[in-house]
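Observations on the three-dimensional arrangement
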Amino acid sequence: MWNLFEEGSVALVTGGARGIGRAIALELAAQGADVAVNYRGSVNKAESLKEEIEAMGRRALIVQADVRERDNVKKLFKAVKKEFGRLDMLVNNAGIIKDGYLIMMSEESFWSVVETNLGGAFRVTQEALQMMCSARRGAIVNIASTSGVAGQEGQTNYSASKGGIIAFSKAVAKEYAKYGIRCNAVAPGFIETDMTSAKGAAETLKDKYMDLIPLGRFGSPEDVANAAAFLLSDRSGYITGKVLTVDGGLIG
Ligand code: NDP
């Protein structure tokens, strides 16, 4: 069977050491790509991921950077340019939740979520586009959420950040299509990772909404990785500015 990606093609996954980002990094490597993985705090997991990718016969680079900080993002791209000299695919995956009801939400809870989830994608995409525009080729996938499509109680900050990611993806798609660059969003529903195992509003919602998932199960990181790989590959070459929900049928 043919791989989805040409040998030597390079992908960058933000927040890739664990959870959905890790599954995406592994799938892209399995499909032929060399992978740069950004992490913020999970250094041990990043190191073990690098070993796993290299065991597949691909090149791997791990770079510590906080996507909230412009100088960190510049450092990340400097490392990618030095190691690989090209960037074919970007996955903006880094994200956080700080759930709570709006009426009690602090400025910090609101803006730190928007700053990481949407601001991070803004900074990273800006740098990536500089590499992709000169190559006149590239594919970007932004990890949104069904909360950003349909809204979710207890998650006004997160829903706003992910709704913003969707609109951002559509605008990037229109602005950079002329450079041969596509940009799409993947909107996962409930996926089993550290994020959804944390206590808080998300945990309560998880129990409540299990019954509403037509496929009758929570998603796996690999479910999301498969969708991301498709949208990064030439098999989706005529798809840009779209949102693919990966939610077992949860939202309409
Ligand atoms: P996890 O909490 O398991 O992982 C979050 C990842 O984001 C970690 O790798 C973390 O890095 C990274 N990260 C967080 N803040 C920063 C930062 N400032 N700079 C760089 N990296 C950062 O979450 P998931 O894997 O579940 O989520 C991944 C993405 O998928 C997120 O965008 C999330 O919103 C989205 N999503 C998840 C859903 C789910 O049900 N799980 C549903 C819908 C969307 P480190 O560990 O190195 O600090």
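Rules behind the numbers
- Residues numbered from 1 in each chain as written.
- Predicted model: local features only at pLDDT ≥ 70, side-chain atom pairs only at ≥ 80, totals over all residues.
- Heavy atoms only, no water.
- Axes fitted to C-alpha atoms, helices over the stretch in contact; angles between N-to-C directions.
- Helix = DSSP H or I, 4+ residues; strand = E, 2+ residues; numbered from the N terminus.
- Parallel < 35°, antiparallel > 145°, perpendicular 65-115°, else oblique.
- Left-handed = near helix turned anticlockwise from the far one by under 90°.
- Contact = heavy atoms within 4.5 Å.
- Nonpolar A, V, L, I, M, F, W, Y, C, P; charged D, E, K, R; others polar.
- Near = heavy atom within 4 Å.
- Polar contact = N/O pair within 3.5 Å; in protein donor to acceptor, adjacent residues only side chain to side chain.
- Areas by Shrake-Rupley, 256 points an atom, 1.4 Å probe, with all protein chains shown as cover.
- UniProt positions renumbered as here; feature names shortened; annotations may be inferred.
- 1 Å grid on protein atoms, 1.4 Å probe; cavity = no way out; pocket = protein on both sides within 12 Å on 5 of 7 lines; lining within 4 Å.

Before going further, it helps to spend a moment on the packing of helix 1 (residues 19-30) against helix 2 (residues 43-55). Their axes nearest at 10 Å, the elements helix 1 and helix 2 cross at an angle of 15°. With respect to their mutual orientation, helix 1 and helix 2 come out roughly parallel. Between helix 1 and helix 2 the crossing geometry is right-handed. Contacts between helix 1 and helix 2 involve Arg-22, Ala-25, Leu-26 and Ala-29 from the first element and Lys-45, Ser-48, Leu-49, Glu-52 and Ile-53 from the second. Partitioning the contact of helix 1 with helix 2 into residue classes produces five nonpolar, one polar and three charged.

Bringing the site of the ligand into the picture now. Surveying the vicinity of the ligand reveals 31 residues, the closest of which are Arg-18, Ser-42, Asn-93, Tyr-158 and Thr-193. Within the contact set of the ligand, an oxygen atom lies 2.8 Å away from a backbone nitrogen or oxygen of Ile-20. Note that an oxygen atom of the ligand is positioned 2.5 Å from one of the side-chain N or O atoms of Thr-193. Burial of the ligand by the protein chains amounts to 97% of its free accessible area of 890 Å².

Turning to the UniProt feature "binding site: NADP(+)" (unreviewed entry) in the protein chain, a few remarks are in order. UniProt marks Gly-15, Gly-16, Ala-17, Arg-18, Asn-93, Tyr-158, Ser-159, Ala-160, Ser-161, Lys-162 and Ile-191 with the feature "binding site: NADP(+)" (unreviewed entry), using the numbering shown here. On the basis of their most widely separated C-alpha atoms, the annotated residues across 177 residues do not gather in one place, lying as much as 25.0 Å apart. Lining the largest cavity, out of the annotated residues just given, are Asn-93 and Lys-162. Reaching out from Ser-159, the side chain makes a polar contact with the backbone oxygen of Ser-147 at a distance of 3.3 Å. Here Lys-162 shows up in helix 6 (residues 156-176). In contact with Lys-162, not counting residues within four places along its chain, are Asn-117, Ile-143, Ala-144, Ser-145 and Gly-148.

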